[in-house]
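Listed below, chain by chain, are the residues.
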Amino acid sequence: MSNIDLDYQRYLGANLSLDLTRGKPCPDQLDLSHGLEDMIQGDYRSRDGVDTRNYGGLAGIPEARELGARLLDLDPEQVMAGGNSSLSLMYQYLSFRQRQWAPSEAAPKFICLVPGYDRHFSVCEHLGIAMINVALTAQGPDLSMIESLVQKDPLIHGIWCVPKHSNPTGHIYSPETVQRLARLPLLTQSDFTVMWDNAYAAHDLHDDVPALDNLMAHAVSAGTEDQIAIFGSTSKITLAGAGLGFCGLSPTILAAFQGYLEPQTIGFDKVNQLRHARLLKDDNTLKALMDAHRKILRPKFDLVDEKLKPLGDQSLASWSLPLGGYFVSLDLTAASARQVVHLAGEAGVKLTPAGATFPYGNDPEDKNIRIAPSFPDMMDLSQALDVLVCCIQKASHDAASTPH
Ligand SMILES: Cc1ncc(COP(=O)(O)O)c(C=O)c1O
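Worth saying up front: this structure is predicted, and the values here are computed from it rather than measured.

### Notes on the nonpolar core
- Membership of the largest hydrophobic core comes to 47 residues, with the highest contact counts inside it found for I146, I159, L181 and W196.
- In terms of residue count, the dominant contributor to this core is helix α3 (residues 62–72) (5 residues).
- Both of domain 1 (3–23 + 286–399) and domain 2 (43–283) provide at least three residues apiece to this core.
- Not counting chain neighbours up to four residues away, the residues in contact with I159 comprise F110, I111, L113, I146, L181, L184, F192, T193, V194 and M195.
- Judged by nonpolar contacts, the second largest core, of 45 residues, contains L303, L388, V389 and C390.

Written out as structure tokens, the structure reads:
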């Protein structure tokens with residue numbers, strides 16, 4: 001038996017139960033926002049005198065809209081402050097938009113950059129929207145390919161983007177990419193939307209991270225602002241399950257979207273909006289909180305890079321070195337991602353299912369694995385990465401010794 005097989009047998013007998021699947025903040029990160037608890041103290045009135053405990057105010061209280069505007073680089077009147085999830089705003093927005101699409105026998109389509117965020121793909125699947133893969137290159141989205149697709153096919157109604165610290169690759173879109181994306185709706189007759197999920201806008205792990213150009217400003221110059229939908233949340237700033245989601249739209253579309261939401265809710269949780277607006281009262285407070293997150297997260301990302309190094313030396317894998325966000329994207333050279341995820345699972349290390357970073361769960365090359373290092377503590381993370389490396393070595397070795 002080879003040394004790798006022996007190591008693997010040892011892990012099988014170790015009764016591990018480790019999880020590298022979802023990008024969740026760890027308990028220490030959640031504790032950073034304990035101040036939320038003290039933000040009300042019996043004073044429920046928002047700045048404009050509204051009692052936040054009561055119904056109403058679908059667009060959100062002014063100070064929460066301002067918080068969203070700071071986070072997403074928008075004007076407050078372009079922002080709706082919602083409930084605890086930007087993902088649900090994305091779903092609702094897309095189903096609102098879908099009502100304006102010309103009826104057609106064939107399914108409407110969306111462009112999905114791959115590897116990408118699995119829950120965007122689920123939204124499309126759920127709404128009956130077919131997905132077209134476009135690969136992210138080292139430079140980011142391949143705009144020439146996207147422009148040509150959009151020009152040729154009027155059934156394409158939009159594109160999903162995670163522009164800064166892309167999930168899972170960590171890409172930050174260049175200024176030229178942002179400008180061309182703002183002009184994309186001009187190239188098609190269809191009702192086209194750029195779904196701009198800026199979930200990691202404030203989530204830098206390094207100094208001197210390149211700034212993201214302002215998509216909405218470019219869209220206003222190009223006259224496409226009604227075709228831009230921007231999203232973000234405090235899920236990875238305060239509390240992942242009880243944060244604040246935002247969407248940014250042109251004022252005309254914001255009013256129309258509000259009309260669409262009106263039969264669904266009389267208003268989001270304004271008490272939580274008030275709590276958040278008070279906690280994150282200015283840029284300095286937000287920056288201090290994100291610096292505290294970074295202190296916890298950065299060693300975990302450094303550990304991933306350090307532990308994967310032997311795989312690079314043996315040309316068995318390459319991986320992203322994100323400057324922020326929550327993920328590392330790992331591409332295998334020789335082994336099957338499905339096989340590695342299976343081996344790791346047997347050894348008690350849960351990985352995001354292979355294929356999850358592609359529409360329909362189908363990674364055509366079966367090579368991508370998304371690593372989410374935020375939740376486990378350093379000890380668990382270290383052990384989980386050792387198992388992962390061993391599984392990749394074993395699966396690569398097994399693949400090389402299996403006759404074709
Ligand atoms: C790119 C991206 N968008 C949205 C979300 C979820 O956001 P929310 O918690 O605001 O619904 C995540 C969570 O992992 C994400 O990675």
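Picking up after the structure, the text goes on.
### Description of the pairing of strand β11 (residues 328–332)
- Of all 5 residues in β11, 4 are buried; the element is thus mostly enclosed.
- Where strand β10 (residues 317–319) and β11 come together, 3 bridges link them in antiparallel fashion. Note on β11: the bridge partner recorded for W319 is L330.
- The pairing of β11 with strand β13 (residues 368–371) spans 4 bridges and is antiparallel. Opposite S329, over in β13, you have R370 as the bridge partner.

### Focus: helix α9 (residues 251–261)
- Among the residues of α9, I253, L254, F257, Y260 and L261 are the ones counted as buried. In a view along the axis of α9, the buried residues occupy a sector of 115°, so they form one face of it.
- Taken together, the buried residues of α9 touch α3, β2 (79–81), α4 (86–98) and β9 (245–248).

### Some points on the domain arrangement of the chain
- Domain parsing of the chain yields domain 1 (3–23 + 286–399) and domain 2 (43–283).
- One C-alpha centre belongs to domain 1, the other to domain 2; they are set 29 Å apart.
- Between domain 1 and domain 2, the residue contacts involve 27 residues of the former and 35 residues of the latter.
- When domain 1 packs against domain 2, the two sides together hide about 2,800 Å² of surface, and 60% of this comes from carbon and sulfur.
- If you look at where domain 1 meets domain 2, you find 2 salt bridges.
- Here R22 ties to D118 by a salt bridge, and the two come within 3.2 Å at their closest N and O atoms.
- At the level of secondary structure, the elements contributing two or more residues to the side of domain 1 that touches domain 2 comprise α11 (283–313), β11 and β13.
- For the side of domain 1 that touches domain 2, the element with the highest residue contribution is α11, accounting for 9 residues.
- Per-class residue counts for the side of domain 1 that touches domain 2 are 14 nonpolar, 8 polar and 5 charged.

### Details of the pairing of strand β3 (residues 109–114)
- Counted residue by residue, β3 has 5 buried out of 6 residues, so it is predominantly covered.
- Note that β3 and strand β4 (residues 130–137) share 6 bridges and pair parallel. Across the sheet, I111 pairs through a bridge with I132, a residue of β4.
- As for the winding sense of the linkage, the β-α-β connection from β3 through helix α5 (residues 118–126) to β4 is right-handed.
- By the bridge criterion, 3 bridges tie β3 to strand β6 (residues 156–161) in an arrangement that is parallel. Looking at β6, one finds that I111 is bridged to I159.

Rules used throughout
Residues numbered from 1 in each chain as written. Predicted model: local features only at pLDDT ≥ 70, side-chain atom pairs only at ≥ 80, totals over all residues. Heavy atoms only, no water. Core = buried A, V, L, I, M, F, W, Y, C linked by side-chain atoms within 4.5 Å. Buried < 20%, exposed > 50% of the residue type's maximum accessible area, 1.4 Å probe, protein only. Helix = DSSP H or I, 4+ residues; strand = E, 2+ residues; numbered from the N terminus. Domains from an automatic or database assignment. Contact = heavy atoms within 4.5 Å. Pairing = 2+ DSSP bridges. Arc of directions from axis to C-beta. Buried area = accessible area lost by both parts, 1.4 Å probe. Salt bridge = Lys/Arg side-chain N within 4 Å of Asp/Glu carboxyl O. Nonpolar A, V, L, I, M, F, W, Y, C, P; charged D, E, K, R; others polar. Right-handed = clockwise from strand over helix to strand, strands pointing away.

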